[in-house]
Structure formats: C-alpha cells, structure tokens
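Here is how the chains run, residue by residue.
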Amino acid sequence: MKKISDYQKEFSEELRELEERLSQIEKRLEELPPETVLIKKIKGKPYYYRQFRQGGKTESKSLGAVKPGNIAEEERLIIERKQLLDERKELLALRGILQRAEKALKKEIDKKPMLEDYSFEVYWKDELTAKVRVKGKDVYVSSYSNQPGKRLFPAGKLSRFQLSEILKTRCWDEGRPDIKKLLRVRGIEEYNPLAIVRKTHGVSWNDFIWIRFPGEKLTAKDVLVR
C-alpha cells in the first residue's frame, strides 16, 4: 500500500514534467506569429490578408489571391498556435490542482511523523523462532525458541531504536567503502537497516537465521547463502 509520502513524490514528479511541457509550449508560442488570416475583396476579387498587431496597431499584409492551398502553411501555423494555447490552458488548470494536492499532502506529512506499522517472522533454517510486530513506537516479540543460537530478538517489548540496532547486525557495515554501491544496486536510497533487511532477508555467513516478511513465499533454501 502506498504511503502519503509516495503520492507526494508522484505529484512532485508530475509537476516537474508539467512545468517542462509548459516551458516548451511558451517557447514555441514565442516563435509562432500571433496572427489571423482574412479574406478581402479587391475590385470584386477575393484576396487573403494576414492580420497582425504591430506597434500597438492592427496591420495587414496581402498573401495573394484566394486559391486552393495558397495559404496552407499560414493555416498550419494558426492551427498549431490554437492547439498549443488550448493545451496550455488545460495544463495550467492541472498545475493548480497538483500544486494544491501536493501542498495538502506535505501539510499532512509535516503534521506528525508517519510511522509504518509492519511485522515479520524470524527463522533458523525453516524453524520459526520469533514473530515481530511493530506498532506505533513499540515493538512486540513473540518467541518460539529457547536456544540462544537460534534467537535474534529477546521476547517481550522493544523500542524502534532497539529493533533498528538489532537489524543493523544483519546488515553490511555502514562504514565500508562500497556501501553506496551495495545500496544503489538494490534500489535503496540511503542506509536504512529495515530497507536493507527487506532486500537481503538479513542472511549471514555466520548462522542460519533469516527474516521473512508477509506475502513472501520463501524457504531457507531460497535465501540462505550456505
């Protein structure tokens, strides 16, 4: 399920793309002549005239006698200008909607920290050793093994900070030289023990402990490295 912050990022990205398109439209409109084409009769014969504003006055210039396709290029430019003006109008309206939505989401995010509730199971090989539930600021651990070598968490109640410190023991060292590369190839933006463990399942060469999150159809042979 998406979080509010995910929607805010999507709106921000849409706004960025929208602004780029508006910039392209404005640049093209500056290149297109703001004019119209009229037909005037001169001595009983129809002629095309280009009408435009210049120096605060309305001016006109003859484009020649009326013949099929004689002003096709001028018509194409006029049509293009109208289409761009219509698109700009729609994009400006959409920009207002996105800006208001982004502002509302940011206000909601800033109102209070958004703590994710989640849970996971801890295994030693294929033996369930603990169930961890994170709710609000608290972490609740149900233990199913009394063997120290198979246990990762003490039974009972922990803080989120304590949980994070324990998860760190199942992650790469934050200070290793290639840590940024390791995170990047797994799509992780910053060093976050939970995000890392979601990708690696907290496996280690030193034991047979691993972590399974809800919805994952995995067994020990799918994740353990030895």
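The structure presented is a predicted model; accordingly, all values stated were derived computationally and were not measured.

The subject of this paragraph is the packing of helix 3 (residues 160-168) against helix 5 (residues 193-200). Any two packed helices are characterised by how steeply their axes cross, that is the angle between the axes, and by the distance between the axes. At their nearest, the axes of helix 3 and helix 5 sit 9 Å apart, and the two run at 45° to each other. Comparing the axis directions of helix 3 and helix 5 gives the class oblique. Judged by the twist between their axes, the crossing of helix 3 over helix 5 is left-handed. Where helix 3 approaches helix 5, its residues Ser164, Leu167 and Lys168 are matched on the opposing element by Pro193, Leu194 and Val197. Considering only residue class, the contact of helix 3 with helix 5 consists of 4 nonpolar, 1 polar and 1 charged.

Let us look at the layout of surface pockets. The calculated volume of the second largest pocket comes to roughly 190 Å³. If you go around the second largest pocket, the residues you meet are Thr169, Arg170, Cys171, Trp172, Thr200, Val203, Ser204, Trp205 and Val225. When its residues are assigned to classes, the lining of the second largest pocket shows 5 nonpolar, 3 polar and 1 charged.

Moving on, we get to the pairing of strand 4 (residues 118-124). Among the 7 residues that make up strand 4, 6 are buried, leaving the element largely enclosed by the rest of the structure. Taking the residues between adjacent antiparallel strands as the criterion, strand 4 and strand 5 (residues 127-135) are bridged by 2 residues, where Lys125 takes a positive phi near 55°. Here strand 4 runs beside strand 8 (residues 209-212); their pairing, made up of 4 bridges, is antiparallel. Its bridge partner lying in strand 8, Val122 is registered against Ile211.

Looking now at the pattern of salt bridges. This model, assessed by the stated rule, comprises 18 salt bridges. Residues Glu87 and Arg21 are paired through a salt bridge, measuring 2.8 Å at the closest nitrogen-oxygen approach. You can see Glu87 sitting in helix 2 (residues 72-111) and its partner Arg21 sitting in helix 1 (residues 4-31), a full 66 residues away along the chain. Among the ionic contacts, a cluster of salt bridges with common partners joins Arg28, Glu31, Glu73, Arg76 and Glu80.

Looking now at the sheet that holds strand 7 (residues 156-159). Spatially, 5 strands are ordered 7-6-5-4-8 in an open sheet, and the strand pairing comes out antiparallel. Every interior strand has two partners, whereas the edge strands, strand 7 and strand 8, have only one. Strand-to-strand twist across the sheet, computed as the mean angle between neighbouring axes with direction ignored, equals 25°. Bridge count between strand 5 and strand 6 (residues 138-143): 6 bridges; the pairing is antiparallel. Looking across to strand 6, one finds that Val134 is bridged to Val139.

What follows concerns helix 1. Over its 28 residues, helix 1 runs 41 Å from end to end, which matches the ideal 40 Å to within 8%, given 1.5 Å per residue. All buried positions along helix 1 are accounted for by Gln8, Leu15, Leu18, Leu22, Ile25 and Leu29.

Located in the positive-phi region is Lys43, a residue other than glycine, with phi close to 55°. Tracing the backbone shows Lys43 in the loop between strand 1 (35-42) and strand 2 (45-54). On the basis of relative accessibility, which here comes to 85%, the residue Lys43 falls in the exposed class. Located in the positive-phi region is Lys125, a residue other than glycine, with phi close to 55°. Within the secondary structure, Lys125 sits in the loop between strand 4 and strand 5. According to the relative accessible area criterion, Lys125 is partly exposed, its value standing at 36%.

Here the focus is the side chain of Glu121. Positionally, Glu121 belongs in strand 4. For Glu121, a relative accessible area of 14% puts it in the buried group. Among the polar contacts made by the side chain of Glu121, one reaches the side chain of Tyr123 at a distance of 2.7 Å. Ignoring anything within four residues of it in the chain, the contact list for Glu121 reads Leu128, Ala130, Lys131, Trp210, Ile211 and Arg212.

How each quantity is defined
Residues numbered from 1 in each chain as written. Predicted model: local features only at pLDDT ≥ 70, side-chain atom pairs only at ≥ 80, totals over all residues. Heavy atoms only, no water. Axes fitted to C-alpha atoms, helices over the stretch in contact; angles between N-to-C directions. Helix = DSSP H or I, 4+ residues; strand = E, 2+ residues; numbered from the N terminus. Parallel < 35°, antiparallel > 145°, perpendicular 65-115°, else oblique. Left-handed = near helix turned anticlockwise from the far one by under 90°. Contact = heavy atoms within 4.5 Å. Nonpolar A, V, L, I, M, F, W, Y, C, P; charged D, E, K, R; others polar. 1 Å grid on protein atoms, 1.4 Å probe; cavity = no way out; pocket = protein on both sides within 12 Å on 5 of 7 lines; lining within 4 Å. Points joined across faces, edges and corners; volume = space filled by probe spheres on them. Buried < 20%, exposed > 50% of the residue type's maximum accessible area, 1.4 Å probe, protein only. Pairing = 2+ DSSP bridges. Salt bridge = Lys/Arg side-chain N within 4 Å of Asp/Glu carboxyl O. Expected span 1.5 Å × (residues − 1). Polar contact = N/O pair within 3.5 Å; in protein donor to acceptor, adjacent residues only side chain to side chain.

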